[in-house]
Amino acid sequence: MYRYDAIDAEIIADRVSEFRGQVARRLSGDITEDQFKPLRLMNGLYLQLHAYMLRVAIPYGTLDGGKMRRLAEVARKYDKGYGHFTTRTNIQFHWIRLKDAPDILESLADAGLHAIQTSGNCIRNTTADQYAGATAEEIDDPRVWCEAIRQWSTFHPEFSYLPRKFKIAVTAAPHDRTAARLHDIGLILRKERDGGLSFEVIAGGGMGRTPYVGPTIRERLPAEHLLSYLTAILRVYNRYGRRDNIYKARIKILVASLGAEEFARQVEAEWEAMDKTKVDVPTSELARIRSEFAEPAFKDVTGEAFEAAKKADPALARFARNNLAPHKRPGYAIVNISLKAPGEVPGDCSADQMDALATLAERYSFDEIRVTHEQNLVLPHVALDDLPAVYAELKRIGLATPNIALASDIIACPGLDYCALANARAIPIAQRIAERIADPEKAEAVGELKIKISGCINACGHHHVGHIGILGVDKKGEEFYQLTLGGSAAEDARLGDALGPALSAPQVPEAVDLLIDTYLRERAPGERFVDTYARIGVAPFKAAVYAEAH
Amino acid sequence: MQKLIRFADGRAAWSDDAFVTLDDEAPVPAAGGVILSLSRFQTEGEGLLAAGRPVGVRIKSNEEVEGLAYDLPRLALVALEFPKFRDGRAFSSAMLLRERYGYVGEVRAVGEVLREQANFMLRCGFNAFEPSDGATPGDFDKAAHLFRHVYQAAADDRAPAFTERAKTGA
């Protein structure tokens with residue numbers, strides 16, 4: 001994976017010293033909270049309901065053992081012994097004291113970590129396919145392009161005061177694990193007939209209160225012009241995106257109001273007028289970045305020990321069925337680690353678990369860990385015959401839940417338990433639903449079912465694209481929940497349809513059960529929940545839920 | 001006389017502002033440089049320039065610098081307005097003036113101009129500043145030199161990281 005050179009390290013060190021000065025000015029009263037707010041936000045420091053929250057960037061979701069250990073240390077020393085992995089593939093610490101923030105950032109910087117651009121109206125962390133470099137599906141390693149974007153977007157002088165935050169996703173596989181069509185910009189890498197690489201460029205997708213599946217604004221962008229083309233998009237957005245209303249300030253509103261064709265025309269005109277050679281990343285730099293993502297030294301693995309262990313241990317076999325994905329190299333597997341154990345907070349990870357994961361990565365996965373936008377972790381390169389040992393250790397630390405993409409693998413935002421914006425709690429709802437489907441036999445029988453919960457209309461829990469989406473709303477001081485069905489964040493991206501009137505908190509887990517029962521009754525062979533829904537529509541589901549609820 | 005922070009040879013210093021910013025209704029003074037709004041420049045600019053007066057134009061954040069393209073060689077300065085520091089449109093305006101139109105005159109930051117943004121402003125091609133936060137040239141110098149490296153090319157002469165790497169063979 002990419003390791004910082006002296007230049008990268010000095011840029012982060014300079015940032016830490018700048019922030020140390022700003023915090024000192026705040027603590028001594030030289031500047032007011034009002035003046036300090038944008039400065040701390042630029043460093044990932046939010047003021048939440050109970051304390052400061054620090055959001056640490058995990059660029060394109062890629063960690064190594066050393067970085068994971070440092071996150072554990074921060075969790076232990078400055079927080080309550082855990083951290084929370086987010087749908088932006090970052091990690092948040094929710095119990096931070098302001099005076100500690102500069103020391104935390106310095107300690108993170110020593111390990112090549114930072115909180116740069118994890119908040120504020122700037123270009124945020126890029127989302128990448130969590131299987132990058134490991135899946136046979138991909139036609140190139142998307143991390144190469146993500147790293148080029150990271151550098152280009154870091155402290156971009158023109159694009160640090162955009163109308164609103166800005167998120168980019170890069171995928172290079174036909175199966176989209178990044179929700180590319182729901183980002184401000186989605187980039188899908190393709191190989192051309194002549195062997196050259198190109199991007200399909202999608203702009204103006206997003207969730208929040210006005211969700212859009214983003215339109216394609218350019219079918220084929222020669223990959224070497226990525227940064228100049230992004231500059232053109234950002235410039236059009238920076239100049240013409242709305243600034244009068246925070247809820248209409250994302251690029252999706254500009255693209256929708258101009259229309260995709262007109263927006264694309266303006267971008268192309270800007271791009272044509274630009275000195276591309278000055279902006280595009282030179283071939284030599286791309287080659288340098290690419291060399292940092294060189295393939296690990298895979299060994300020949302028979303997989304015999306793994307097969308024998310699976311026969312002997314049905315729990316391991318179940319874990320293998322649900323949590324492994326095929327690796328490009330025979331004898332290896334991609335291991336998904338669920339942070340959704342029944343009863344736990346989705347995305348939470350304790351310091352002890354982080355330390356153990358660091359050791360697992362170093363010993364069994366070429367020192368690589370990935371964070372997914374579904375708030376899980378991945379060991380991308382595990383030899384099959386090491387799997388029994390990896391599974392045993394995951395089990396010991398409580399991270400062997402065999403529920404990837406199943407009904408209890410729920411995305412939930414922090415909700416009213418932590419977030420000042422939320423209308424309703426999300427985490428307890430996720431916990432209640434997960435408990436009801438805790439029986440792994442039943443969960444596996446139900447199969448792929450993506451439940452996503454947001455505590456408010458800002459949609460941090462991605463409810464719009466849940467197979468079952470759950471949105472918390474406030475009704476005269478009481479928490480209610482609106483359900484949607486049939487959303488998807490994958491290559492078939494689609495927004496869910498409203499099920500019916502909002503439900504009270506205790507009714508929600510019951511309703512999910514009824515939806516699942518309806519699916520099990522109606523499904524045709526091979527159909528996932530979302531396939532059955534697409535075939536039979538909302539009516540049978542609605543009848544099941546509201547017949548019981550009234 | 002109003003004071004400005006200007007950068008010369010990479011150092012910031014106080015400098016006298018020889019220009020008067022005119023409201024749209026204000027009478028034109030008998031002599032000296034004037035800064036006009038875009039609309040006033042469009043009606044009166046030609047006459048003032050013909051009379052040999054130094055003229056600058058003040059562009060609001062929702063106005064397009066494209067409207068000045070043909071007049072730029074004759075303008076003494078372009079003042080770009082930050083109505084709020086969070087309104088980043090002037091950064092793009094400055095980039096266009098420098099990069100697209102090759103404007104070499106003064107690009108002045110006016111409005112809510114904070115030391116925290118000095119570095120980004122310099123990188124986008126601003127070279128004169130009316131700070132609104134009481135910042136001194138020392139503060140601006142510090143901001144300008146806080147970061148030893150930059151990642152991307154902009155309107156200044158700083159070499160991006162990839163160029164530094166290519167030179168050192170890193």
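Note that the structure is predicted; figures quoted are calculated from it, not measured.

### A word on the interface of chain A and chain B
Bring the parts together and some accessible area is lost; that lost area is often taken as the interface size.
Now for step 1: In this assembly, 30 residues from chain A lie in contact with 27 residues from chain B.
Now for step 2: Every element with two or more residues in the side of chain A that touches chain B is listed here: helix H1 (6-27), helix H5 (142-153), helix H6 (226-240), helix H9 (276-279) and helix H10 (283-292) of chain A.
Now for step 3: In terms of residues, the side of chain A that touches chain B owes the most to one element, H1(A), which gives 5 residues.
Now for step 4: Considered class by class, the residues forming the side of chain A that touches chain B number 12 nonpolar, 6 polar and 12 charged.

### Some thoughts on the packing of helix H3 (residues 65-78) of chain A against helix H13 (residues 351-364) of chain A
Residue and element names in this part refer to chain A.
Now for step 1: Running from N to C, H3 and H13 point in directions that differ by 170°, and their axes come no closer than 8 Å. Taken together, the axes of H3 and H13 are roughly antiparallel relative to one another. Residue-level contacts link Gly 65, Met 68, Arg 69, Leu 71, Ala 72, Ala 75 and Arg 76 of H3 to Ala 351, Met 354, Asp 355, Leu 357, Ala 358, Thr 359, Ala 361 and Glu 362 of H13.
Now for step 2: Of the residues belonging to the contact of H3 with H13, the class tally is 9 nonpolar, 2 polar and 4 charged.

### Focus: the environment of A:Glu448
Now for step 1: Positionally, A:Glu448 belongs in the loop between helix H16 (440-446) and strand E17 (451-454).
Now for step 2: Measuring from C-alpha to C-alpha, the distance between A:Glu448 and A:Glu527 comes to 9.5 Å, with 79 residues separating the pair along the chain.

### Here we look at the environment of A:Ala260
Residue and element names in this part refer to chain A.
Now for step 1: Along the polypeptide, Ala 260 turns up in helix H8 (residues 260-272).
Now for step 2: Spatially, the C-alpha atom of Ala 260 lies 38 Å from that of Ala 524, the residues being 264 residues apart in sequence.
Now for step 3: Setting aside chain neighbours within four positions, we find Ala 260 in contact with Pro 215, Ile 217 and Val 255.

### Comments concerning the confidence of the model for chain B
Now for step 1: Of the residues in chain B, 98% reach a pLDDT of 70 or more, and the chain-wide mean stands at 94.
Now for step 2: With pTM at 0.95, the complex prediction returns an ipTM value of 0.97.

The rules we used
Each chain carries its own residue numbering, running from 1 in the direction its sequence is written. By the order in which they are written, chains take letters starting at A while ligands take numbers starting at 1. Per-residue local features of the predicted model are confined to residues with pLDDT of at least 70, and side-chain atom pairs are confined, for both listing and counting, to 80 or more; whole-chain, interface and lining totals are unaffected and use all residues. Contact between residues is assigned whenever the C-beta positions, reconstructed from backbone atoms, fall within 7 Å. Working definition: helices are DSSP H or I runs of at least four residues, strands are E runs of at least two. Numbering for both runs from the N terminus. For this classification, Asp, Glu, Lys and Arg are treated as charged, while Ala, Val, Leu, Ile, Met, Phe, Trp, Tyr, Cys and Pro are nonpolar and the rest, including Gly, are polar. Only C-alpha atoms enter the line fits that serve as axes; for helices the fit covers just the stretch in contact. Angles between N-to-C directions range over 0 to 180 degrees. Roughly parallel means an angle under 35 degrees; roughly antiparallel means over 145; roughly perpendicular covers 65 to 115; every other angle is labelled oblique. Within a predicted model, pLDDT stands for the predictor's per-residue confidence, ranging from 0 to 100.

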